[in-house]
Each structure stands twice: as C-alpha cells, then as structure tokens.
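Structural characterization, general
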Amino acid sequence: LRSRLLRTALKRLVARGIVMVSALTPSDAAHVLGLHDAWDGHAAEKAAHLFARSRGNDGRAVAPDARVLARRVIDTLVRRSAEAVLDTAFAEDGFARPEPSRSFLARAALDRHAGLVRPRLSLSVPLIGLGAPAPAYYGDVAALVGAERVIPEHAGVANAIGAVVGQVRITRSTSVTCPDDGRVRVHLPDGARDFDEFDEARSAAADALEGLVRADAAAAGASDVHVAVAADVRDAEVEGKRLLVEATVTVTATGRPRLADPVEAAQPGKAP
C-alpha cells in the first residue's frame, strides 16, 4: 500500500471483518529455517520473502532473502529472551538496577567476548521452556545464559493448560444518567429504565448486570462465581446542590473453570 487512500481503504475492510491483517512472527522464521514444522511452512516462506524485500528507511531491501531475514529474527529472539531471563534472575537475587543485562559486562558475556578478559554469565538453575516452539529456541537461549535446558514432555500444550486452569473474568458496565430533574435513567442492554432515586437506579443496574455476568461466566465454564460491583459517580454542584452528571456501574464476575468429571464425561451424550 503506497498511499494514504489505500491504507484508509484497508482499515475499512479490516473493520468490516472482510480482511484479516497478519504479520511475520518468530514461528514463521523457525519454519523457514527448518527449526519448526507444526504449521504452514509455505505461508511462512511467502511472508518472510515479502518482508525481506520490503524497503527500510535507507531505501534498501531489509534482507537479501527469506533465510537471512529468518536467521536475524531467530538470533534477535534468542538474544532478547536471554536478556529477559538474566534480568529476571538478577531481580530475584536482589539487584535493583533496571535491565542489568544491558550493562557492558553482561553484553560482553552475551556477545562471547574473548580478549584479555573473557566474561561469562551462568544460571544456577535449569531453564525450562514451555510452548510449542520451545524446542526450537530454548536450547540456544539456555546456552547463551549458561544454563541447563529442560523441555518437559508435552511442553507444547502447557500454555493451553494454563489458560484452562486460569481464572474466568467477565465484566459488564452500564451508565446511569439524569435526563432531567427528579428522574434517573439506567441504560441497559434491553432498554432504558427510569427511577426516582439514584440509589434505586444504581441497585437496579447492579442487579441486571449481575444476572448477565453470571450467565456469561457460566457459559465460559466458570464455577463458584464471585461478583463484585463498583460505581464511578460523576456529579457537579449547581446552586449549592449536588447533581448527578453520569455514573458508570461495573459488575465483574470471576471464577475458576469447571473441570469435567471423568465419570460424567464418559457417559453417552456427554462431551468430555
């Protein structure tokens, strides 16, 4: 897209759901280099080729070819990952300085400087890699930080398991306004309702939203749902009297995901 007009047209197509925008990722680079083969290698090659021939600020192509570009992506990923691991380890050891991995000694160690001085950094614990691409990257990351690499069995689904056992959180909000003196209006999904008092309107808004978030949380698989209600009230003083401008009532439902009962899941007609 070489013009603002075309970029504006693209935004409209994306907003309507007609076009989906995707980008080159480290997983694509791993496919190009043969380090990973779980997904569409042809699409990864095409994306890397297009990215490599795009022009930088100097007007030159970003990279000579897709493989050179992919190698740069993986090398950068490994380096940034190693720096993040070191910063976390330093923080755990009580070093207060921000980003100690960017110090000249740490950079020299990560660059494998080997002059009169040969600095090295190493972890005293193994580096555990999780996620589908972990085997492709974390061997090099572990080597860079001087750590033993550990890739657990089924590491590729660890993130999905974490999402399943994480917390379900559903939030809904609505506004409460004062269209005229003596009338308070609650704006709900099924329409507006008017009340005489603000407290009455706020209570009605909370009750309506609680029913919705509880239903949403149950549909998302949550059990033991807890509900919290908050109100952000904005008012103004007019002739010595406090008047409501607008209030936002927010209701949040949280709960742990239900785990299927093995006996129940095994029954005919029951989805595991």
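Computed from a predicted model, the values in this text were never measured in an experiment.

1. Quick word on a nonpolar patch on the surface
On the surface, a cluster of nonpolar side chains totalling about 250 Å² of accessible area is made up of Val157, Ile161 and Val165. By secondary structure assignment, the location of Ile161 is in helix H7 (residues 158-165).

2. Observations concerning the pairing of strand S7 (residues 241-257)
Relative to S7, strand S3 (residues 168-180) is paired through 10 bridges, and the arrangement is antiparallel. Its bridge partner lying in S7, Ser173 is registered against Thr250. Hairpin geometry of strand S6 (residues 222-238) and S7 is characterised by an intervening segment of two residues between the two adjacent antiparallel strands and by a positive phi of about 50° at Glu239.

3. Quick word on the pattern of salt bridges
Using the criterion set out here, one finds 12 salt bridges in the structure. Between Arg102 and Glu83 there is a salt bridge, with the nearest N and O atoms lying 3.2 Å from each other. Here the residue Arg102 occupies a position in the loop between helix H4 (66-92) and helix H5 (104-110), and Glu83 occupies one in helix H4, the gap between them amounting to 19 residues. On the accessibility criterion, Glu83 (5% relative accessible area) is buried. The salt bridge involving Asp194 is made with Arg185; its shortest N-O contact spans 2.8 Å. Linked by salt bridges that have partners in common, Arg79, Arg80, Glu83, Arg102 and Asp111 make up one network.

4. Remarks on the sheet that holds S7
Taken in spatial order, the five strands line up as S5-S4-S3-S7-S6 in an open sheet, and their pairing is antiparallel. Since the sheet does not close on itself, it has two edges, and those belong to strand S5 (191-195) and S6, each with one partner. Averaged over all adjacent pairs, the angle separating strand axes in this sheet is 20°, with direction ignored. Across 15 bridges, S6 lies against S7 in antiparallel orientation. Counterpart to His226 in the pairing with S7 is Thr254.

Thresholds, definitions, all that
- Residues numbered from 1 in each chain as written.
- Predicted model: local features only at pLDDT ≥ 70, side-chain atom pairs only at ≥ 80, totals over all residues.
- Heavy atoms only, no water.
- Patch = residues over 30% accessible without salt bridge, like charges linked within 9 Å, V, L, I, M, F, W, Y side chains within 5 Å.
- Areas by Shrake-Rupley, 256 points an atom, 1.4 Å probe, with all protein chains shown as cover.
- Salt bridge = Lys/Arg side-chain N within 4 Å of Asp/Glu carboxyl O.
- Helix = DSSP H or I, 4+ residues; strand = E, 2+ residues; numbered from the N terminus.
- Pairing = 2+ DSSP bridges.
- Buried < 20%, exposed > 50% of the residue type's maximum accessible area, 1.4 Å probe, protein only.
- Axes fitted to C-alpha atoms, helices over the stretch in contact; angles between N-to-C directions.

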